[in-house]
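Survey of secondary and tertiary structure
Letter by letter, the chains look like this.
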Amino acid sequence: MTKEVEKQKIKVLKMIYTNRNKFNDLTDSISFSEEARGIRLAKVKEFVDELIKEQMIESNGGGINWYIFRITEKGKRAVSENLSAEELELIEKYGIDMDGLNILKLLLRRRKNLNYDQISSMTNIPLEEIASICEMLEGKKYITRSGLFRVYVRLTPLGEKTAKEA
Amino acid sequence: MANIEVLMAILIYSLAIILAGIVFVRKWATRESSLIVCGREVGAFVTAAAQVSICVSGGFLPLLIAYSYVFGFGGVWIWWAWGIMTLAYPFVIGIFSRRSGAYTPAEAIEAFHGTSSRVIVGALLVYSLFFLTAIQYVGVGSVLSGFFGIDRNLGILLVGILMSLYIATGGLWSVTVTDVLQIIFATVGILGLVIYFVSTFGWDYLFTGPHPISPQKLVIGIGTIPFFGWKSPAVMSMLMFNLLLVWGGAYYWQRGAAVRSEKTLKLGFIAGGIAAIILAVLGAIIGLYGYVLLGPGLKGVGVLGNILTKVGIPWLVGLMLVALFAATMSTADATTMGMATVVWNDFIKKFKKIPEDKAMRNIRVIVLVLSAIAILLAIFAPYQAVRFYVFGTMLYSPILLLLIDAAYLRILTEKLALILLIVPTVIGLIVQFSYISKTVDPTWLTIVVAVIIYVIVYIGRKV
């Protein structure tokens, strides 16, 4: 297994651990070398199949729910081995990773609603990934999203508390 | 028939589209994902408006009025069939379009059915979208030609250039923002004419006018339209056509992929479907009054033109003309964007290494080249475009089954997927160009063949 693939697999596990657990979260967030860009879905499917085979993750069921995953105890152990104590605590206590926390802290610092483009350029997180992270943060009630055309992200009181504490 | 009011209406509309599609969204299209799926930012209201603007097309709007003229409130089915399929879409295919993360149906299919399936599905989608785009251009050229007396090809060229520019500038963002504007213009046009008829003549005029209509025609959703039959205008046939068009189409998939969340997807498509169902009833009123005023004997899309000539009030005609213009453009821009996305995502990007920084420029070039080809097709082969478009829709039958398989059952291997793609398509092709197509819509045949193959594979697997 190459180092790149290993790194990607850990990222997949970490994402599923923090509830960014739909197939589209993975396809939007896993970056590939130029050769693999045209087959990102097929490549992510390969990753997922391997992780299921290795019993690191499980599918959430049959039918359309196959595209939602959950992490197993074995998968959690693999993530733990590859994360710093600080990040592990963040995931276990608040259910978010460093990218999620960075977005919360940015919103706290700027004290205004930001759109995905602004968040991406201020945090250096790829634009494709912002939608996935924000959906997870909204699911955990840390932010709300609004806007007729473009999305504007706003911190909730819980998000503000978490950004200050974490 | 051109006059200053009509010209002004068209100019205001064109200016609004340029402002919205080029100036307003220029800064929004910053990355590949913004151009193709609006960075997955689109909310429910905008999704609903952009969705219904596809239904209110240059073909469907005159047809709604023509069908209502003939079948009364039974004519609403030309839009209701679309509305019902849109309502159901998020619960079957739409959720897969968002959850899979794929930009096109072909990309989603590849993950389970291999690269060859992706290439064939991509090619079939581009084929059907080309002709669908070309006939929209023919429609808008004819509208301009009819009202301003200019050459139809000049009209196609003018609209083609305007549209290509805004799609190339902002990609799906431009299409989305202009579609919202276009559905507003189209709704105002339809409402304007309905209000004019009801306030000028009153509802009773439908029974007491020069050509009174029967009470049967006033039963909403029933009228005098036939329900069972293998060819349009039977309701059964319309439902099947829209099932394939909406559930198998690349553009609807792209809309589903562009929303903020699965909840937004459901809200947006349900609202879009309901809006189409309500607008259909309003549009049908125009057809009913048209019958009373003009009497029987008119055919096809000419009904609307005759109604507008009879009305003869310049500002109202201008309003309706803009509605028709907007309806045509909103569909053509969506199909052009769908086509460009498939070409970029499933062919160029798949087989050629292109760095991220060059992606934007490449997508824009693809939009301009494809638009140019569609414009040339509309100018030099307008009648062939219509014929080949009809064939294009039936190609969605095997695509739809592959999508259902990838989303829910995942039982087809790459080889079986190829059989499912090729056999119904070849049978449909033979039937389309033979005498059988005069009595049976080949669309039915392709879906029946595709389902039979799929069921055989499913049972075979269990045995």
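Attention here is on the structure that accompanies the text. (Residues numbered from 1 in each chain as written. Chains lettered and ligands numbered in written order. Predicted model: local features only at pLDDT ≥ 70, side-chain atom pairs only at ≥ 80, totals over all residues. Heavy atoms only, no water.)

**Section: the overall build of chain B**
Note the cut-off: To qualify as a helix, a DSSP run of H or I must reach at least 4 residues; to qualify as a strand, a run of E must reach at least 2; elements of each kind are numbered from the N terminus. Here's how the labels work: a residue is buried when its accessible area is under 20% of the maximum for its type, exposed when over 50%, partly exposed in between, all with a 1.4 Å probe on protein chains only. Contacts are assigned to residue pairs that have any heavy atoms within 4.5 Å of one another. For the purpose of charge, His is not counted, nor are the chain termini; Lys and Arg are scored as positive and Asp and Glu as negative. For charged residues, the charge sits on one atom: NZ in Lys, CZ in Arg, CG in Asp, CD in Glu.
A count of helices and strands for chain B gives 18 helices and 0 strands. The buried share of chain B, taken over its 463 residues, is 62%. For chain B, the share of sequence-separated contacts (at least 6 apart) that also reach a separation of at least 24 residues comes to 84%. Here chain B carries 29 positive and 16 negative side-chain charges, and the mean point of each set is 3 Å from the other.

**Some thoughts on the pairing of strand β4 (residues 143–146) of chain A**
All names here are of chain A. Condition: For two strands to be treated as a pair, DSSP must find at least two bridges joining them.
Side-chain alternation along β4 places Ile143 and Arg145 on a buried face and Thr144 and Ser146 on a face that remains uncovered. Here β4 runs beside strand β5 (residues 152–155); their pairing, made up of 4 bridges, is antiparallel. What sits directly across from Arg145, in β5, is Val153. Counting the residues that bridge the hairpin from β4 to β5 gives 5 residues, and of these Gly147 lies at a positive phi of roughly 120°.

**Some details on the nonpolar core**
To keep things clear, this is the line we draw: Only buried Ala, Val, Leu, Ile, Met, Phe, Trp, Tyr and Cys residues count toward a nonpolar core, and they belong to the same one when joined by side-chain atoms within 4.5 Å.
In this structure, Trp79 and Met320 of chain B are the most contacted members of the largest nonpolar core, which totals 203 residues. Ranked by residues supplied to this core, first place goes to helix α6 (residues 105–148) of chain B with 21 residues. Contacts of Trp79 of chain B, omitting those with residues within four sequence positions, involve Cys55, Val56, Phe60, Leu61, Leu64, Ile190, Ala276, Leu279 and Ala280 of chain B. By size, the runner-up hydrophobic cluster in this structure holds 26 residues, among which are Leu101, Leu106, Leu114 and Val151 of chain A.

**Thoughts on helix α17 (residues 414–432) of chain B**
Three or four residues apart is the spacing at which side chains of an α-helix point the same way, because the helix has 3.6 residues per turn. All names here are of chain B. Rule in force here: Each residue after the first adds 1.5 Å to the expected span of a helix. Relevant arc is that of directions from the helix axis to the C-beta atoms, nothing else.
With 19 residues, α17 extends 27 Å from end C-alpha to end C-alpha; this agrees with the ideal 27 Å at 1.5 Å per step. Of the positions making up α17, those classed as buried are Ala417, Leu420, Leu421, Pro424, Thr425, Gly428, Val431 and Gln432. When α17 is viewed along its axis, its buried side chains cluster within an angular range of 130° and face the same direction. What points out from α17, more than 90 degrees from its buried face, is the exposed set Lys415 and Ile430.

These values are about where atoms sit, not about what they do.
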